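Given next are the chains, with one letter for each unit.
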Amino acid sequence: MKHSSKSILMWLSKKNKGDWLGIFKDIQNKTEIPDEIDVSNDYDCVTILDPQYSNKLRQCWHPPFVLWHLGDLNLLNEPNIMCVCGQNSPNKDTINLIKHICDSYVIINGDDSALERVALQTAMAEGKKFIMVLNQSLYNIDYDDTLIQYAIHNGCLLLSEYGWEDPDDIEKSENEKQRIIGFLADKMLVTSASRNNMRLKLLIDECLSKGSDLFALPAPPFKGELTNDLLRDGAILVNKNSDIF
């Protein structure tokens, strides 16, 4: 039986639990495709071969072969997407800054910290759209979560490389999703982070490799804050709301 290229990529994604390297090796080795393959899924997906696939992601290191999604796929090609990320819970001034960002940008992050959850919640409270990138199957997310419910019913976008089940290596998948966030974002704001936060360092590297504008909030000196290092190395200082627009 002749299968479509999309069905083959979906089957390879299922076979390898979404692992990019496993899919790549199967393609490279011309792994035999069974006559009968089951690629049925309750969720929509877009493959790297589809015209709806993001041109931003085509430029990234290891562009995802298949992306499963729930929500408005058109957000992939929004011209104004900003990654708002950080480590610590934001103060009142930072939340006010995020509110202003929501007026002009679609916020994207992976909901991986207190700050990132507040950023998404702020977008929700302002009635704005956001993109959340997951490192787990859409089957296994918490559908009672108010953010997930809001995303489903208000034209936001949930993205995952994992269609049928969660990956075996959660730490690896956590790192790999940073390339998706980094290359979809046109700009990036880092509000707070310690120097040993490897996840944020990886995400920053992905954004910089694409040439995105990097903004950072200043932190008190002598505290080991990554944001001060970023400012020393050329990030744009955000001292007031207008600095980011």
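Preceding this section is the structure that the text describes.
Below: a short report on this structure. (Residues numbered from 1 in each chain as written. Predicted model: local features only at pLDDT ≥ 70, side-chain atom pairs only at ≥ 80, totals over all residues. Heavy atoms only, no water.)

Thoughts on the overall build of the protein
Regarding its fold elements, the protein presents nine helices and nine strands. For the protein, whose C-alpha radius of gyration is 19 Å, the value lies close to the compact-globule estimate of 18 Å for 245 residues. Along the longest, intermediate and shortest principal axes, the C-alpha atoms of the protein span 65 × 35 × 30 Å. Scored against the burial criterion, the 245 residues of the protein give a buried share of 53%. (Helix = DSSP H or I, 4+ residues; strand = E, 2+ residues; numbered from the N terminus. Rg over C-alpha atoms; globule rule 2.2 N^0.38 Å. Buried < 20%, exposed > 50% of the residue type's maximum accessible area, 1.4 Å probe, protein only.)

Observations concerning the packing of helix H4 (residues 92-104) against helix H5 (residues 114-125)
Between H4 and H5, the least distance of the axes is 9 Å, while the angle of their chain directions is 50°. Classified by the interaxial angle, the pair formed by H4 and H5 is oblique. Relative to H5, the crossing made by H4 is right-handed. For the pair H4 and H5, the contacting residues are Thr94, Ile95, Ile98, Lys99 and Cys102 in the first and Leu115, Val118, Ala119, Thr122 and Ala123 in the second. Across the contact of H4 with H5, the residue classes break down as seven nonpolar, two polar and one charged. (Axes fitted to C-alpha atoms, helices over the stretch in contact; angles between N-to-C directions. Parallel < 35°, antiparallel > 145°, perpendicular 65-115°, else oblique. Left-handed = near helix turned anticlockwise from the far one by under 90°. Contact = heavy atoms within 4.5 Å. Nonpolar A, V, L, I, M, F, W, Y, C, P; charged D, E, K, R; others polar.)

Some remarks on unusual backbone geometry
With a phi close to 55°, lysine 17 is a non-glycine residue in the positive phi region. Looking at where lysine 17 falls in the secondary structure, it is placed in the loop between helix H1 (5-15) and helix H2 (20-28). Unusually for a residue other than glycine, aspartate 111 sits at a positive phi of about 55°. For aspartate 111, a relative accessible area of 21% gives the class partly exposed.

So, the pairing of strand E4 (residues 106-109)
Every second residue of E4 is oriented toward a common face, with Val106 and Ile108 on one face and Ile107 and Asn109 on the other, all of them buried. Sheet analysis places strand E3 (residues 81-85) next to E4, joined by three bridges and oriented parallel. Bridge pairing in E4 places isoleucine 81 opposite valine 106. The handedness of the E3 to E4 crossover, carried by H4, is right-handed. Where E4 lies against strand E5 (residues 130-134), three bridges are found, and the strand directions are parallel. Looking at E5, one finds that isoleucine 107 is bridged to phenylalanine 130. (Pairing = 2+ DSSP bridges. Right-handed = clockwise from strand over helix to strand, strands pointing away.)

Points about the sheet that holds strand E2 (residues 66-71)
Whether parallel or antiparallel, the strands of a sheet pair through hydrogen bonds between backbone atoms. Taken together, the nine strands give an open sheet; going across it, the order is E1-E2-E6-E5-E4-E3-E7-E8-E9, and neighbouring strands pair in mixed fashion. At either end of the open sheet lies a strand with only one pairing partner, and these are strand E1 (44-47) and strand E9 (236-237). Judged from the four bridges that link them, E3 and strand E7 (residues 187-190) form a sheet pairing that is parallel. What sits directly across from methionine 82, in E7, is lysine 187.

Digging into the packing of aromatic side chains
A complete count under the given rule lists five aromatic pairs for this structure. Centroid distance tryptophan 20 to phenylalanine 65: 5.2 Å. Interplanar angle 20°. Geometry classified as stacked. Of this pair, tryptophan 20 sits in helix H2 while phenylalanine 65 sits in the loop between helix H3 (55-58) and E2, placing them 45 residues apart in sequence. By relative accessible area, which is 9% here, tryptophan 20 ends up buried. (Phe/Tyr/Trp six-rings, centres within 6.5 Å; stacked < 30°, edge-to-face > 60°.)

Focus: H5
Compared with the 16 Å implied by 1.5 Å per residue over 12 residues, the 16 Å span of H5 between its first and last C-alpha is a close match. Taken together, the buried positions of H5 are occupied by Leu115, Glu116, Val118, Ala119, Leu120, Thr122 and Ala123. Of the surrounding elements, those touching the buried residues of H5 are E3, H4, E4, E5, helix H6 (146-153) and helix H8 (198-210). In the stretch just after H5, glycine 127 is the one whose phi turns positive, near 70°. (Expected span 1.5 Å × (residues − 1).)

Thoughts on the packing of H5 against H6
A pair of packed helices is characterised by two quantities: the angle between their axes and the separation of those axes. Closest axis-to-axis distance for the H5/H6 pair is 11 Å, and the angle between their directions is 45°. By the angle between their axes, H5 is oblique relative to H6. Relative to H6, H5 is oriented so that their crossing is left-handed. Contact residues: H5 offers Arg117, Leu120, Gln121, Ala123 and Met124, while H6 offers Thr146, Leu147 and Tyr150. The residue makeup of the contact of H5 with H6, split by class, is five nonpolar, two polar and one charged.

Function cannot be read off these values alone, since they describe shape.
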